[in-house]
Amino acid sequence: MPVTREDVLHIAELARLGIDSERADRLTGELSAILAHMEVLSQVDTSSVPVTAGVGAGGTPLRPDVSVVPQMDRALETFAPSMRDGFFIVPRLATHEDSAESGA
């Protein structure tokens, strides 16, 4: 089932996306190609493949539902080499202005 331009514009409107005319045309082609590929994949005979292939007979194991003590129960000072007034002191990051000054 090919996707129409109106489908793309309608979905974009529902998602509150602003799509220009050129982008809507490209998306129409891309989505139609994806659906055409899915149609080809649906023709593959999988009757000999078990339904749970890759999962195993027992299904996906679940982790035990137990409470874990948070890692942050220690003093903040143990997480950083330097603190001031309750804040972590970290090196200053390079800014765009710094890059322009260095000629990078």
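Residues numbered from 1 in each chain as written. Predicted model: local features only at pLDDT ≥ 70, side-chain atom pairs only at ≥ 80, totals over all residues. Heavy atoms only, no water.

1. A word on the overall build of the chain
If you tally the helices and strands in the chain, you get three helices and two strands. Each helix and strand of the chain, placed in order from N terminus to C terminus, yields the pattern α-α-β-β-α. Out of the 104 residues in the chain, the part that is buried amounts to 8%. The long-range share in the chain, meaning contacts at least 24 apart out of those at least 6 apart in sequence, stands at 23%. (Helix = DSSP H or I, 4+ residues; strand = E, 2+ residues; numbered from the N terminus. Buried < 20%, exposed > 50% of the residue type's maximum accessible area, 1.4 Å probe, protein only. Contact = heavy atoms within 4.5 Å.)

2. Some thoughts on the pattern of salt bridges
Per the stated rule, a full pass over the model turns up two salt bridges. With a shortest N-O distance of 2.7 Å, Arg5 and Asp25 are connected by a salt bridge. Of this pair, Arg5 sits in helix 1 (residues 5-14) while Asp25 is found in helix 2 (residues 21-42), placing the two residues 20 residues apart along the sequence. Exposure remark for Arg5: the relative accessible area of 28% places this residue in the partly exposed category. Taking the relative accessible area as the measure of exposure, Asp25 reaches 43% and is therefore partly exposed. Residue Glu22 is joined to Arg26 by a salt bridge in which the shortest nitrogen-to-oxygen separation is 3.0 Å. Of this pair, Glu22 and Arg26 both sit in helix 2, four residues apart, which is roughly one turn of that helix. (Salt bridge = Lys/Arg side-chain N within 4 Å of Asp/Glu carboxyl O.)

3. Some remarks on the packing of helix 1 against helix 2
Viewed as axis vectors pointing N to C, helix 1 and helix 2 meet at an angle of 110°, and their least axial separation amounts to 9 Å. By the angle between their axes, helix 1 is roughly perpendicular relative to helix 2. Considering how the two elements wind past one another, helix 1 and helix 2 form a crossing that is right-handed. The segment helix 1 lies against helix 2, with Arg5, Val8 and Leu9 engaging Ser21, Ala24, Asp25, Leu27, Thr28 and Leu31. (Axes fitted to C-alpha atoms, helices over the stretch in contact; angles between N-to-C directions. Parallel < 35°, antiparallel > 145°, perpendicular 65-115°, else oblique. Left-handed = near helix turned anticlockwise from the far one by under 90°.)

4. Regarding a nonpolar patch on the surface
Judged by side-chain polarity, Leu31, Ile34, Met38, Leu41 and Val44 come together as a nonpolar surface patch covering roughly 440 Å² of accessible area. Residue placement: Leu41 occurs in helix 2. (Patch = residues over 30% accessible without salt bridge, like charges linked within 9 Å, V, L, I, M, F, W, Y side chains within 5 Å. Areas by Shrake-Rupley, 256 points an atom, 1.4 Å probe, with all protein chains shown as cover.)

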